[in-house]
Amino acid sequence: MAILNILTYPDPRLHKIAAPVEEINEDIRQLVRDMAETMYDAPGIGLAATQVDVHKQVIVMDLSEDKSELRVFINPRILAKCGNQDYEEGCLSVPGVYETVTRAAEITVEALDEHGKAFTLEAEGLLAVCIQHEMDHLLGKVFVEYLSGLKQNRIKNKLKKRQRERA
């Protein structure tokens with residue numbers, strides 16, 4: 001397994017739209033393992049393939065305290081949304097930034113697991129937020145893009161300054 005490099009906003013590669021996975025093979029399963037290791041190492045609770053510069057519809061997440069409930073979503077689709085909720089979100093691609101975003105309170109999602117088995121899941125609370133957040137990555141959207149233009153610019157400038165200081 002390998003720790004993958006996580007792209008940092010405003011990297012333009014974060015805006016690429018991910019392609020559906022045509023075949024779930026050993027390469028995809030290896031990607032899932034590497035993404036899970038990267039997410040746990042970061043540490044985070046969700047990671048989309050777009051964030052590691054692989055533009056395929058693959059998401060991993062684990063909301064458990066002990067890292068024992070890895071969930072894999074390949075080619076996810078939201079079938080239904082209900083209600084609204086405000087949640088403070090963060091993102092491994094936007095380190096150190098936490099902002100409140102409004103998303104659907106309950107969703108129904110269908111996807112494939114890493115073995116190619118189809119499943120449908122009803123989610124609410126943090127799980128619903130996390131699924132929507134990671135699916136946005138597959139569509140080339142980062143959570144800060146829900147914020148005002150002024151806040152987006154402040155965040156971009158802050159992260160660019162941090163990158164310059166590290167260089």
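In every chain, residue numbers begin from 1 and rise along the written sequence. This being a predicted model, a pLDDT of at least 70 is required before a residue's local features are given, and a value of 80 or more before pairs of side-chain atoms are given or counted; all residues contribute to the totals for chains, interfaces and linings. Think of the side-chain values as coming from all heavy atoms in the structure, minus any hydrogens and water.

Draft legend 1. Examining the sheet that holds strand E4 (residues 94-112) more closely. What the five strands build is an open sheet, ordered E1-E2-E3-E4-E5; its pairing is antiparallel. Unpaired on one side and paired on the other, strand E1 (46-48) and strand E5 (118-124) mark the two borders of the sheet. Recorded for the sheet is a direction-independent mean angle of 40° between the axes of neighbouring strands. Pairing analysis gives three bridges linking E1 to strand E2 (residues 58-61), with the strands arranged antiparallel. Residue Ala48 lies in a different strand from E2, and its bridge partner there is Ile59. Contacts between residues were defined by any pair of non-hydrogen atoms, one from each residue, lying within 4.5 Å. Each axis is a line fitted through C-alpha atoms, and for a helix only the stretch in contact is used; angles between axes span 0 to 180 degrees, taken between their N-to-C directions. In DSSP terms, a helix is any run of H or I states spanning at least four residues, a strand is any run of E spanning at least two, and both are numbered starting from the N terminus. Contacts between helix H1 (residues 26-41) and the sheet are confined to E1, E2 and strand E3 (71-91), with E2 contributing the most and set at about 40° to the helix. Pairs of strands are assigned from DSSP output, requiring at least two bridges between the strands.

Draft legend 2. Molecular detail of the environment of Ser148. Structurally, Ser148 can be placed in the loop between helix H2 (125-138) and helix H3 (149-166). Owing to a relative accessible area of 40%, Ser148 belongs among the partly exposed residues under this scheme. Between the C-alpha atom of Ser148 and that of Tyr98, which follows or precedes it by 50 residues, the distance is 14 Å. There is a polar contact of 3.1 Å between the side chain of Ser148 and the backbone nitrogen of Lys151. Think of it in three bands: residues with accessible area under 20% of the maximum for their type are buried, residues over 50% are exposed, and the middle band is partly exposed, with areas taken using a 1.4 Å probe on protein chains only. Contacts described as polar in this section are N or O atom pairs within 3.5 Å, which, within protein, must combine one atom able to donate a hydrogen with one able to accept it, while residues neighboring in sequence count only if both atoms come from side chains.

Draft legend 3. Quick peek at the pattern of salt bridges. The salt bridge criterion pairs a side-chain nitrogen of Lys or Arg with a carboxyl oxygen of Asp or Glu, the two atoms within 4 Å. Under the criterion given, the structure shown has eight salt bridges. Two residues, Arg13 and Asp11, come together in a salt bridge whose shortest N-O distance is 2.6 Å. Two residues, Lys151 and Glu99, come together in a salt bridge whose shortest N-O distance is 3.1 Å. You can see Lys151 sitting in helix H3 and its partner Glu99 sitting in strand E4, a full 52 residues away along the chain. What makes Lys151 partly exposed here is its relative accessible area of 31%. Each member of the salt-bridge network shares a partner with another, and the members are Asp11, Arg13 and Asp53.

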